[in-house]
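Here are the chains, one letter per residue:
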Amino acid sequence: MSASPRVIDQQAPSRAPVTVTSLLEKKHHGEKIVMVTAYDYPSATVVEAAGVDMVLVGDSAATTVLGLDSTVPATVDELVMLSRAVRRGLRTAFLVSDLPFGSYEASDLEAVKSAQRFVKEAGAQAVKLEGGGVMVDRARAIVAAGIPVVGHLGLTPQTATALGGLRAQGKSAAQATRMVADALALQEAGCCALVLEAIPAAVADELMPLLEIPVIGIGAGASTDGQVLVWHDLLGLLEGRTAKFVKQYAHLHGQMVEAVRGYATEVRQGEFPAREHTYAIAPEELQAFQSSLAQLHGHGDHDISGYPA
Ligand SMILES: Nc1nc(=O)c2c([nH]1)NC[C@@H]1CN(c3ccc(C(=O)N[C@@H](CCC(=O)O)C(=O)O)cc3)CN21
Ligand SMILES: CC(C)C(=O)C(=O)O
Ligand SMILES: [Mg+2]
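Along each chain, the written sequence defines residue order, and numbers are assigned to residues from 1. Throughout, the order in which chains and ligands are written sets their labels, letters from A for the former and numbers from 1 for the latter. Owing to the predicted nature of the model, reporting of local features is limited to residues with pLDDT of at least 70; listing and counting of side-chain atom pairs is limited to 80 or more, with chain, interface and lining totals taken over all residues. For the side-chain quantities, the full set of heavy atoms in the structure was used; hydrogens and water were omitted.

> Looking at this structure, I do not really get the packing of helix H2 (residues 41–49) against helix H4 (residues 76–89). What am I missing?
Between two packed helices, the angle of one axis relative to the other and the distance separating the axes together describe the packing. One can describe the packing of H2 onto H4 by two numbers: an axis separation of 7 Å at closest approach and a directional angle of 40°. Considered as vectors, H2 and H4 are oriented oblique to each other. Crossing handedness for the pair H2 and H4: right-handed. Between H2, through Tyr41, Ala44, Thr45 and Glu48, and H4, the contact on the second element is made entirely by Ala85, Val86, Arg88 and Gly89. A class-by-class count of the residues in the contact of H2 with H4 yields four nonpolar, two polar and two charged. What counts as an axis is a line fitted to C-alpha atoms, over the stretch in contact for a helix, and the angles between N-to-C directions run from 0 to 180 degrees. A run of H or I in DSSP becomes a helix once it reaches four residues, and a run of E becomes a strand once it reaches two; helices and strands are each numbered from the N terminus. Orientation categories follow fixed angle ranges, with anything under 35 degrees roughly parallel, anything over 145 roughly antiparallel, 65 to 115 roughly perpendicular, and all other angles oblique. In this scheme the handedness of a crossing depends on how the near helix is turned from the far one: anticlockwise by less than a right angle means left-handed, clockwise means right-handed. In what follows, a contact means two residues having at least one pair of non-hydrogen atoms within 4.5 Å. All residues other than Ala, Val, Leu, Ile, Met, Phe, Trp, Tyr, Cys, Pro, Asp, Glu, Lys and Arg, Gly among them, are scored as polar; the first ten of these are nonpolar and the last four charged.

> Is there a simple way to think about the coordination of the magnesium ion (ligand 3) in this case?
Reference values for coordination geometry: four tetrahedral donors around a metal ideally subtend 109.5 degrees, six octahedral donors ideally subtend 90 or 180 degrees. Donor atoms are limited to N, O and S found within 2.8 Å of the metal ion, a distance that becomes 3.2 Å for Na, K and Ca. With water left out, some sites might look partial. Listed as protein donors to the magnesium ion (ligand 3) are Asp59 (OD) and Asp98 (OD); their distances from the metal cover 2.2 Å. Of this pair, Asp59 sits in the loop between strand S2 (54–57) and helix H3 (61–64) while Asp98 sits in strand S3 (residues 94–98), and the two are 39 residues apart along the sequence. Across this residue pair, the class does not change: Asp59 and Asp98 are buried. Burial classes: relative accessible area under 20% of the type maximum marks a residue as buried, over 50% as exposed, and values in between as partly exposed (1.4 Å probe, protein chains only).

> Just checking my understanding: could you explain the site of ligand 1 for this structure?
Surrounding ligand 1, one finds 16 residues, the nearest of these being Thr63, Ala168, Glu197, Asp233 and Lys244. We define a polar contact as two N or O atoms separated by no more than 3.5 Å, with the added condition that, inside protein, one atom must be a possible hydrogen donor and the other a possible acceptor, whereas residues neighbouring each other in sequence contribute only through side-chain atom pairs. Measuring from an oxygen atom of ligand 1, one finds a backbone N or O atom of Ala168 at 2.7 Å. In the model, an oxygen atom of ligand 1 is placed 2.8 Å from a nitrogen or oxygen of the Lys244 main chain. Computed with a 1.4 Å probe, the accessible areas rest on the Shrake-Rupley method; for each residue, only the protein chains presented here act as cover. Out of a free accessible area of 660 Å², ligand 1 has 76% covered by protein chains. A per-class count over the shell around ligand 1 returns seven nonpolar, four polar and five charged. Consider each residue's heavy atoms; a residue with any of them within 4 Å of a molecule or strand counts as near.

> What is the right way to read the site of ligand 2 from this model?
Every residue lining ligand 2 is accounted for by Thr37, Leu56, Gly58, Asp59, Ser60, Asp98, Lys128, His152, Val195, Ile218 and Val230. Residue Ser60 places a side-chain N or O atom 2.5 Å away from an oxygen atom belonging to ligand 2. One of the side-chain nitrogen or oxygen atoms of Lys128 is found 2.8 Å away from an oxygen atom of ligand 2. The protein chains hide 95% of the 250 Å² of surface that ligand 2 would expose on its own. Within the shell around ligand 2, the residues separate by chemical class into four nonpolar, four polar and three charged.

> Which parts of the structure should I look at to understand the pairing of strand S7 (residues 215–218)?
Along any regular strand the residues' side chains alternate between the sheet's two faces. Side-chain alternation along S7 places Val215 and Gly217 on one buried face and Ile216 and Ile218 on a second face that is also buried. In this analysis, strands are considered paired if DSSP registers two or more bridges between them. Bridging between strand S6 (residues 193–197) and S7 involves four bridges; their strand directions are parallel. Counterpart to Leu196 in the pairing with S7 is Gly217. Convention used here: a crossover is right-handed provided that the path from the first strand, over the helix, to the second strand proceeds clockwise when the strands point away from the viewer. Note that the unit made of S6, helix H9 (residues 201–207) and S7 has a crossover that is right-handed.

> Sorry, what's going on with the side chain of Ser114 here?
Structurally, Ser114 is set in helix H5 (residues 108–122). If sequence neighbours within four positions are ignored, Ser114 has contacts with Val76, Leu99 and Ser103.

> Would you mind going over H4 with me for this structure?
An α-helix turns once per 3.6 residues; consequently, residues spaced three or four apart project the same way. Taking 1.5 Å of rise per residue, 14 residues should cover 20 Å, and H4 covers 20 Å from first to last C-alpha, within 8% of that figure. Residues Val76, Leu79, Val80, Leu82, Ser83, Ala85, Val86 and Gly89 constitute the buried set of H4. Taken together, the buried residues of H4 touch H2, S2, H3, S3 and H5. Expected span of a helix, by definition, is 1.5 Å for each gap between consecutive residues, and there is one gap fewer than residues.

Rendered as structure tokens:
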């Protein structure tokens, strides 16, 4: 085989790369923005082929890919590795990487250093960080370093312990009012977009007219400029219950179990591999090989080809 180009490189480019500017244009034209998470090369090629606008390498990788029970343990090294793989599968979609818990909160310097790793090592086009308050300063520092930042308010899973669990946020007037202040502050700090997670739709409805940057919702109702879902959730790749905001567009877990069961059954019954999955050797080469084996061992009649003639 010659050095074969990646599958996606063989497709004719069908649209220009998504940029911060084109996302803003989409908002202004009232076109919904589609975002989805991806964590590796194959998932990236799928979301690219499906034409999504933004791809998030979420710290949800901790729960969806690594099997942990929260996003807190995710590290920059892990998310950089996954982001690099996703980058290789994208051509036009806009790549955002989550800054994991503990990689940006302590200082502006720490935040900028972490964000730079995603840009330099993985080719991320933006980073996302969770929270308002002092995190607005972290966002501003990263923007000042020339890296686009996506904010994230509402249910912020990295600080779920402080929020009293993975619970919808902004359900009190006080909380909702603070969220508006944080959203405006993140916008003022230069964020290029904002994610709103698990808040009442009516709160998002009130927030939308106040914001000029694209707002991507997950469990924030239908009025946001776009939606984001987790890859495993939308495809039904994991067993068990999902959050209220999840819609499953497929149930691939069951299909995958069936496929692997089929494989196991065929191996056990000797049906796989069949002849078409096996390599042939020229009869004269096989004969010569068997003769040399016979010489090595001093007697003949071995058939070690493994397959009946
Ligand atoms: N697969 C997956 N999808 C996600 O969206 C996701 C992750 N994993 N892991 C990291 C965080 C955790 N997230 C979650 C997880 C669970 C709920 C959940 O079950 N929420 C309750 C809220 C109940 C309440 O507010 O009282 C729900 O029923 O929706 C919400 C967000 C979002 N992120
Ligand atoms: C759910 C999205 C917004 C996220 O932050 C993640 O997947 O980590
Ligand atoms: Mg996240």
